[in-house]
Amino acid sequence: GAGVSQSPSNKVTEKGKDVELRCDPISGHTALYWYRQRLGQGLEFLIYFQGNSAPDKSGLPSDRFSAERTGESVSTLTIQRTQQEDSAVYLCASSRDRVAEQYFGPGTRLTVT
Amino acid sequence: GDSVTQMEGPVTLSEEAFLTINCTYTATGYPSLFWYVQYPGEGLQLLLKATKADDKGSNKGFEATYRKETTSFHLEKGSVQVSDSAVYFCALSENNTDKLIFGTGTRLQVFP
């Protein structure tokens, strides 16, 4: 079946602009996660959804970052007033429930110029 | 806070060589431990996992043993293939939490 998909695959934006990144989880997966990987670093946890509620937003780096999820479906990560340090690969993962294996999407590479 | 440290790469080996990629962790509780792999052009995939001390995870010829006394989860394979060339990530998840904490990744390059 289809895996986790993310769009766009690449995004180049100017400093100060807002961007929206999209994640389509595997159908039926109730849990959804966003991670960020900056160049040469490990993946950093950003936010976790169970259904459409977000019990853990502890990894969001600033109030410029927000995320939503529609039911147990698509999620969008929004970064307002982008900065150069936001340049990274943003990865989405989904799982059947909160303790199951996480399946990762291919990521969105964001470059802020 | 919890953290994962893994050896820096790249690790460069000839086909059929023995592989070890070191991983150690710091955690306040009793985490589950994972190795994820990212093949070129593909997304992260779970390679193996272990959920308690002395458990051994294994898959595709790779093995890792959860060592509580040394807080380690080293990845090993007896005979690597060119197709094993990828980036390998060690990760942990604290019991009853939902997020994965990753190491920085180790690139493995296997030459014929």
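Note that the coordinates shown come from a computational prediction; the quantities given were computed from them, not determined experimentally. (Residues numbered from 1 in each chain as written. Chains lettered and ligands numbered in written order. Predicted model: local features only at pLDDT ≥ 70, side-chain atom pairs only at ≥ 80, totals over all residues. Heavy atoms only, no water.)

Visitor: How do you make sense of the packing of aromatic side chains when you look at a structure like this?
Guide: The geometry of an aromatic ring pair comes down to the distance between the two centres and the angle between the two planes. Tallied over the full model, the rule gives twelve aromatic pairs over all chains. For the ring pair Tyr35(A) and Phe102(B), a centre distance of 5.7 Å and an interplane angle of 90 degrees mean the geometry is edge-to-face. Placement of the pair is Tyr35(A) in strand β4 (residues 31-37) and Phe102(B) in strand β11 (residues 101-102), with the two residues belonging to separate chains. The same class applies to Tyr35(A) and to Phe102(B), which are both buried. Here the aromatic rings of Phe104(A) and Phe102(B) are separated by 6.1 Å at their centres, their planes lie at 80 degrees, and the arrangement is edge-to-face. Of this pair, Phe104(A) sits in strand β10 (residues 103-104) while Phe102(B) sits in strand β11, on two different chains. As far as the burial class goes, Phe104(A) and Phe102(B) line up, both buried. (Phe/Tyr/Trp six-rings, centres within 6.5 Å; stacked < 30°, edge-to-face > 60°. Helix = DSSP H or I, 4+ residues; strand = E, 2+ residues; numbered from the N terminus. Buried < 20%, exposed > 50% of the residue type's maximum accessible area, 1.4 Å probe, protein only.)

Visitor: Whenever I open this one, the state of the cysteines confuses me. Can you help?
Guide: Two cysteines joined by a covalent bond between their sulfur atoms form a disulfide. According to the stated counting rule, one finds two disulfides over all chains in the structure shown. One disulfide in the model links Cys23(A) with Cys92(A); its S-S distance is 1.9 Å. What sets the handedness of the Cys23(A) and Cys92(A) disulfide is the S-S torsion sign, and at about -65 degrees it is left-handed. Here Cys23(A), found in strand β3 (residues 19-24), pairs with Cys92(A), found in strand β9 (residues 88-95); they are 69 residues apart in sequence, far enough to count as distant. In terms of burial, Cys23(A) and Cys92(A) fall into one category: buried. Between Cys23(B) and Cys90(B) runs a disulfide, and the two sulfur atoms are separated by 1.9 Å. Looking down the S-S bond of the Cys23(B) and Cys90(B) bridge, the torsion is -70 degrees, so its handedness is left-handed. Taken together, the residues span a long stretch of sequence, with Cys23(B) in strand β4 (residues 23-26) and Cys90(B) in strand β10 (residues 86-93) at a distance of 67 residues. Comparing Cys23(B) with Cys90(B) shows no difference in burial state: the two are buried. (Disulfide = S-S within 2.5 Å.)

Visitor: How should I be thinking about the layout of surface pockets in this particular structure?
Guide: Gaps between atoms show up when a probe of the same size as a water molecule is rolled over them. Considered as a void within the structure, the largest pocket measures approximately 850 Å³ in volume. Along the lines of polarity and charge, the residues of the lining of the largest pocket split into 13 nonpolar, 18 polar and five charged. (1 Å grid on protein atoms, 1.4 Å probe; cavity = no way out; pocket = protein on both sides within 12 Å on 5 of 7 lines; lining within 4 Å. Points joined across faces, edges and corners; volume = space filled by probe spheres on them. Nonpolar A, V, L, I, M, F, W, Y, C, P; charged D, E, K, R; others polar.)

Visitor: Teacher, can you tell me more about the pattern of salt bridges here?
Guide: Residues and elements named next belong to chain A. What the rule picks out here adds up to seven salt bridges over all chains. Here Asp86 and Arg64 are joined by a salt bridge, their closest N and O atoms 2.8 Å apart. With Asp86 in the loop between β8 (75-79) and β9 and Arg64 in the loop between β6 (53-56) and β7 (65-69), this residue pair connects regions lying 22 residues apart in the sequence. With respect to burial, Asp86 and Arg64 carry one shared label: buried. One salt-bridge network, in which partners are shared between bridges, spans Arg36, Arg38 and Glu44. (Salt bridge = Lys/Arg side-chain N within 4 Å of Asp/Glu carboxyl O.)

Visitor: Where do I start with the interface of chain B and chain A in this structure?
Guide: With 13 residues of chain B at the contact, the number on the chain A side is 18 residues. Roughly 1300 Å² is buried in total at the junction of chain B and chain A, and carbon and sulfur atoms are behind 54% of that figure. Contact with chain A buries surface across chain B, with Leu44(B), Asp98(B) and Lys99(B) losing the most and accounting together for 42% of the total. Our enumeration of links across chain B and chain A arrives at two residue pairs in polar contact (both at pLDDT 80 or more). Residue composition of the side of chain B that touches chain A, grouped by class: six nonpolar, five polar and two charged. (Contact = heavy atoms within 4.5 Å. Buried area = accessible area lost by both parts, 1.4 Å probe. Polar contact = N/O pair within 3.5 Å; in protein donor to acceptor, adjacent residues only side chain to side chain.)

Visitor: Hey, could you run me through the nonpolar core in this one?
Guide: Generally speaking, soluble globular proteins have nonpolar side chains that are buried together. With 26 residues, the main nonpolar core has Leu19(B), Trp35(B), Leu47(B), Leu48(B), Phe73(B), Leu75(B) and Tyr88(B) as its most contacted residues. Residue assignment for this core shows that the elements contributing at least two residues are β2 (11-14), β3 (19-21), β4, β5 (32-38), β6 (45-50), β8 (62-65), β10 and β12 (106-111) of chain B. Ranked by residues supplied to this core, first place goes to β10(B) with four residues. If you look at the next biggest cluster of nonpolar residues, it comprises 20 residues, including Cys23(A), Leu46(A), Ile47(A) and Leu60(A). (Core = buried A, V, L, I, M, F, W, Y, C linked by side-chain atoms within 4.5 Å.)

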